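Next come the chains, spelled out residue by residue.
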2 protein chains.
Amino acid sequence: MSNKSSIVKRDEAAGRVASIYTELQISRMNVSLPLPSVLKNTFNVVDDAASSAAGDPEEIKKLFPKFYGQPSARLVECDPMACTLMENKSLKIGVVLSGGQAPGGHNVIAGIFDYLQERTKGSKLYGFRGGPAGIMKCKFVELSSEFIYPYRNQGGFDMLCSGRDKIETPEQFKQAEETVKKLDLDGLVVIGGDDSNTNACLLAENFRSKDMKTRVIGCPKTIDGDLKCKDVPISFGFDTACKTFSEVIGNVMTDARSSGKYYHFIRLMGRAASHITLECALQTHPNIAIIGEEIAAKKLTLKNVTDYITDIICKRSEAGYNFGVVLISEGLIDFIPEVQQLIAELNEILAHGGVDRDGVWKKKLKSQSQELFELFPEEIQKQLLLERDPHGNVQVAKIETERMLIQMVEAELNKRKQKGTYKGQFTGQPHFFGYEGRCGFPTNFDANYCYALGFASGALLHAGKTGLIASVGNLGEPVEEWTVGGTALTSLMHVERRHGKFKPVIKKAMVELEGKPFKTFASLREDWTIKNLYASPGPIQFSGPTANDINHTLMLELGQGQPAQAKLNK
Amino acid sequence: MSNKSSIVKRDEAAGRVASIYTELQISRMNVSLPLPSVLKNTFNVVDDAASSAAGDPEEIKKLFPKFYGQPSARLVECDPMACTLMENKSLKIGVVLSGGQAPGGHNVIAGIFDYLQERTKGSKLYGFRGGPAGIMKCKFVELSSEFIYPYRNQGGFDMLCSGRDKIETPEQFKQAEETVKKLDLDGLVVIGGDDSNTNACLLAENFRSKDMKTRVIGCPKTIDGDLKCKDVPISFGFDTACKTFSEVIGNVMTDARSSGKYYHFIRLMGRAASHITLECALQTHPNIAIIGEEIAAKKLTLKNVTDYITDIICKRSEAGYNFGVVLISEGLIDFIPEVQQLIAELNEILAHGGVDRDGVWKKKLKSQSQELFELFPEEIQKQLLLERDPHGNVQVAKIETERMLIQMVEAELNKRKQKGTYKGQFTGQPHFFGYEGRCGFPTNFDANYCYALGFASGALLHAGKTGLIASVGNLGEPVEEWTVGGTALTSLMHVERRHGKFKPVIKKAMVELEGKPFKTFASLREDWTIKNLYASPGPIQFSGPTANDINHTLMLELGQGQPAQAKLNK
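Sequence order as written defines the numbering, with residues in each chain counted from 1. For naming, the first written chain is A and the first written ligand is 1, with later ones following in the order written. Only residues with pLDDT of at least 70 get local features here, since the model is predicted, and only at 80 or more are side-chain atom pairs given and counted; chain-wide, interface and lining totals rely on the full set of residues. With hydrogens and water excluded, all non-hydrogen atoms of the structure serve as input to the side-chain values.

1. What about the overall build of chain A?
For chain A, the helix and strand inventory stands at 21 helices and 15 strands. Radius of gyration (C-alpha) of chain A: 25 Å, near the 25 Å computed for a compact globule of 570 residues. For chain A, the spread of C-alpha atoms along the three principal axes comes to 80 × 55 × 50 Å. Out of the 570 residues in chain A, the part that is buried amounts to 61%. Every residue pair with non-hydrogen atoms within 4.5 Å of one another is taken to be in contact. Taking all contacts inside chain A whose residues are at least 6 apart in sequence as the whole, residues at least 24 apart take part in 78%. A total accessible area of about 21,500 Å² is found for chain A, and carbon and sulfur atoms account for 49% of it. For the purpose of counting charges, residues Lys and Arg are taken to be positive, whereas Asp and Glu are taken to be negative. His and the chain ends are not included. Each charge is placed at NZ for Lys, CZ for Arg, CG for Asp and CD for Glu. Between the mean site of the 69 positive side-chain charges and the mean site of the 68 negative ones, chain A shows a separation of 1 Å. Helix and strand assignments follow DSSP, with helices taken as H or I runs no shorter than four residues and strands as E runs no shorter than two, numbered in order from the N terminus. Taken over C-alpha atoms, the radius of gyration is set against a globule rule of 2.2 Å times the number of residues to the power 0.38. Under the scheme applied here, a residue whose accessible area is under 20% of the maximum for its type counts as buried, over 50% as exposed, and between as partly exposed, the area being computed with a 1.4 Å probe on protein chains only. Residue burial considers only the protein chains on display, and all accessible areas are found by Shrake-Rupley using a 1.4 Å probe.

2. Considerations on the UniProt feature "site: Important for catalytic activity and substrate specificity" (unreviewed entry) in chain A
UniProt positions are given in the numbering used here, feature names are shortened, and annotations may be inferred rather than shown by experiment. According to UniProt, the "site: Important for catalytic activity and substrate specificity" (unreviewed entry) feature falls on Asp195(A). Its relative accessible area of 37% is what places Asp195(A) among the partly exposed residues.

3. Remarks on the UniProt feature "binding site: Mg(2+)" (unreviewed entry) in chain A
Residues and elements named next belong to chain A. Here, the residues flagged by UniProt with the feature "binding site: Mg(2+)" (unreviewed entry) are Asp194. Position of aspartate 194 among the secondary structure elements: in helix 9 (residues 194–209). Since its relative accessible area comes to 11%, aspartate 194 is described here as buried. Setting aside residues no more than four positions away along its own chain, aspartate 194 makes contact with Leu227, Ile506 and Lys508.

4. Brief notes about the sheet that holds strand 6 (residues 187–192) of chain A
All names here are of chain A. Reading across from one edge, 1-2-13-12-7-6-3-4-5 is the order of the nine strands in this open sheet, with mixed pairing throughout. Single-partner strands in this sheet number two, and they are strand 1 (43–47) and strand 5 (140–142). Pairwise comparison of adjacent strand axes, ignoring direction, gives a mean angle of 25° for this sheet. Strands qualify as paired when DSSP identifies two bridges or more between them. Here two bridges tie strand 2 (residues 73–77) to strand 13 (residues 483–488), and the two strands are oriented antiparallel to one another. Bridging across to strand 13, alanine 73 finds its partner in glycine 486. Relative to the sheet, helix 9 contacts strand 6, strand 7 (215–220) and strand 12 (468–473), its axis offset from that of strand 7 by approximately 170°. In this fold helix 19 (residues 444–462) packs onto strand 1, strand 2, strand 3 (92–97), strand 6, strand 7, strand 12 and strand 13, with an angle of close to 135° to the strand it touches most, strand 12. As a rule, the C-alpha atoms of each element are fitted with a line to give its axis, helices using only the stretch in contact, and angles between N-to-C directions run from 0 to 180 degrees.

5. So, the side chain of Lys243(A)
All names here are of chain A. Following the sequence through the fold, lysine 243 ends up in helix 10 (residues 238–259). Overall, lysine 243 belongs to the buried group, its relative accessible area being 13%. A polar contact of 2.6 Å, which involves the side chain of lysine 243, links it to the backbone oxygen of aspartate 549. Once you skip the residues sitting within four places of it in the chain, lysine 243 turns out to touch Gln283, Thr443, Ile540, Asp549, Ile550 and Asn551. Polar contacts, as counted here, are pairs of nitrogen or oxygen atoms within 3.5 Å of one another; within protein the pair requires one atom able to donate a hydrogen and one able to accept it, and residues that are adjacent in sequence qualify only if both atoms are side-chain atoms.

6. Let's talk about the pairing of strand 10 (residues 324–329) of chain A
All names here are of chain A. For strand 10, a buried count of six out of six residues is recorded, marking the element as mostly surrounded by other parts of the structure. The alternating pattern of strand 10 places Gly324, Val326 and Ile328 on one face and Val325, Leu327 and Ser329 on the opposite face, and all of these are buried. Strand direction decides the pairing type here: strand 8 (residues 263–268) and strand 10, joined by six bridges, are parallel. The residue bridging tyrosine 263 from the neighbouring strand is glycine 324, located in strand 10.

As structure tokens, then:
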């Protein structure tokens, strides 16, 4: 362990914002991480078979003429004499963090840096500041060992900060070209989600089409867990975020059971897909978990969802339990078709004439939408009419679904109370867990995985690869046995029509209702509704018997079953 | 480590609600805890000097004629031959969890149980269910090794559950007497906060005055940290709760710095005193922390508080930071004299005639109250008028202070924007952290401290002591060197006049503005406002270099300085 004064010195040398480190931060900085054995030896990067696209191969081929069909690549251990990577080639590489934070991003950067230090003497690594805007504005910092040091194994994206800008217009592509030329970049690593990786591929195609030397490699980042495919088994950050949420969910469950008087409605970050909610359910066993993809597939209405929750509350009350825990995915409302319909009608009405005080405007709504609108609590009605985005559209994202559902369930329970079919007590407690999980210290899994992704990115660029997303596999085995390579970004894509044009997009990986994680959940949840089979995962540990556990979703998808738990079925 | 099937069996034997245990839960069940060396050897319980009261000694003497002035007791190691405690005396002891949950309660019970097993062969321990009501209704369970096992080192109070009932009326005292007679109890351990410990002392006095054999010992429990005195340096649960909150606060801080666009307003549980907010501030270094006791001492108004926050936001904006973290103690509003005044006037108005739609009723408010009412955001105004408790009183506790302050700060910033004195962007994110921290796995400190408190309670009852609160001291040193004893409960008391009668109460320990923790905070906070000196304590660790850290408040009060942190002052 380094002494503390040295940290201060290194930090001063880096000239960054002053910081004070806790003991755990310091102890994590000094942990040395394991590497897949292929990365500890000499290797070559070999091509696999030609690839296709996730959909619309013809259109993808038109959009990426240089890249469509390119093979994925794989690192293969080799005899030092047979290695074709030039050891003394020095590289100039840029790296950028794009989009929302995810634990482990700093380790990707550390991994690239360490790879370059070890394998390509004299290389330089530039970090673009503030996301893709940093590329366009050529805002960067040259990364040094001292600069990176205090961020090793730390959460957050604050080493470089991030941003949500996209490089889209011809001018913006021009700016990016100027920057990579100015810095004489051999390569660029884009750490981001589905949109950022699509953007990375467009950049790669653009550079290649102009015969520029700059190669581009993507890295799979998002706590939401919706960027994954066969070769990229998981996006980094998902493991840490879910474990952080599950820690507090487990605590709240113990509290609910101890006090016996609250229903906790917990909304979990993750707008597009419900992987986080599903994973947290598998870890903690709530009485109810609402998975958006299931609601959409079954075409359920908001009233259906309210009734489902209310029915369980009534059953639990009869069993003597006036407490419980309900998990709700953040994007729930987006999965309900009738809500989408109402929003569309509201946008139309608000754009033309607006609403009057006496509610005559409501007659413009279709009858289903009118019914739904009346079902909403007053506050939500107000929110729907008042909160608009800059384009004048209703802002669904601002609706606090957990509070809305508490009110709707309460109203339904009151009805049943009057009818005499419910005699319990109901007090709802709303929670939203999101920001807490995006910037925690990466778990050992995320720390190791990201470090390997960083090494992979370095190796792929060293081998002259471009248009690939770094992929590390065989994750159910010890780190030494992990496989390392890169997957053709075009193979993850299909097209969507936007504003009359075909746009390439990486297909979001939604919760598969036929997949192992959902099926496991579905087979257990009935038992969880009435019995209180709460499980408490506790705080993330960096040492001790649980330190290297992997999340349930990944374990199940790898066919390895759920992590060990002591069960009792009565 | 025991194998998992044995847990299932034991659990079935106990006939309790089925549970599924995570790996960490199981690993924590099997940890063996260190004990103060005096508890590992033979000891005698010796008396200290006579005690007095925290205030109004004459009145306390009248209320506790049997106990007033009784000495505190201390365990002193002795030669086995000199030990006066009878080893073969078997005892019948009851234990009850009272009030809100705090991490470690299960370990107190385990400590009592293990003490009885080790030192008093043939003893029985009964757990009363559902708090003090369990005593009155004689609802109990006989605790066995198997029953207790799955709760060792686990959070929550779900082994017995808790309740907020008090044993107050003559009939209730009668019920308690019947129960302890029926069970032939030699002793009763009351695990609770200030009210519950006052109640414990009243019970002890009552039993003694009727020449009953049942002795009563209290244990200092509350995450709020407001039950402490010279001999009882800390209440259990405070350490774990603050570390749990600080973990998520640290994560949110890293997120704020990474994204650079949100102001997080975080309200922290702890109504009466602000110890939790102060401790979390010392651990994490927020830009702003509002300590209720300081607001009260300086007689600040809500407008003052709003301006204080707004001023800092403006200064930060000029320095280029449109993000930040603000900690607010849950009881903030209770500390503001003008708010108390407004509430009193509102209660009066609502009781006599109520309010009219046109707001004529507002003229009944004194001018200061009128001004304050107008300062509140509309939603809060509505809440003040609509939400009432069963006695028709305004419910201040329901006001979500973090949301209210965001709205008030927003309004003030808008004014300044129009004047041109503020040019930044402000987006507030409200958080409330409370339930998450009450039921976490106890930290090593809380686990050890509670186990020692349990042993202490057992030893004091074994020695025939009553009317004491278990006290474990010298906490800054290794567990082996901790001191063990009991402090006269009457020495913690003073009287309050309620309904024309003197009532004994344990004086709540508020944040002392002259104490070391607040002074340390006050000396650092100026630096925290503009610089972003955020510190991230990370998740609670049970092994590794940080596992045995103690919270800052206790370290500072023990005169040991803050826990080590690497600092950088620029």
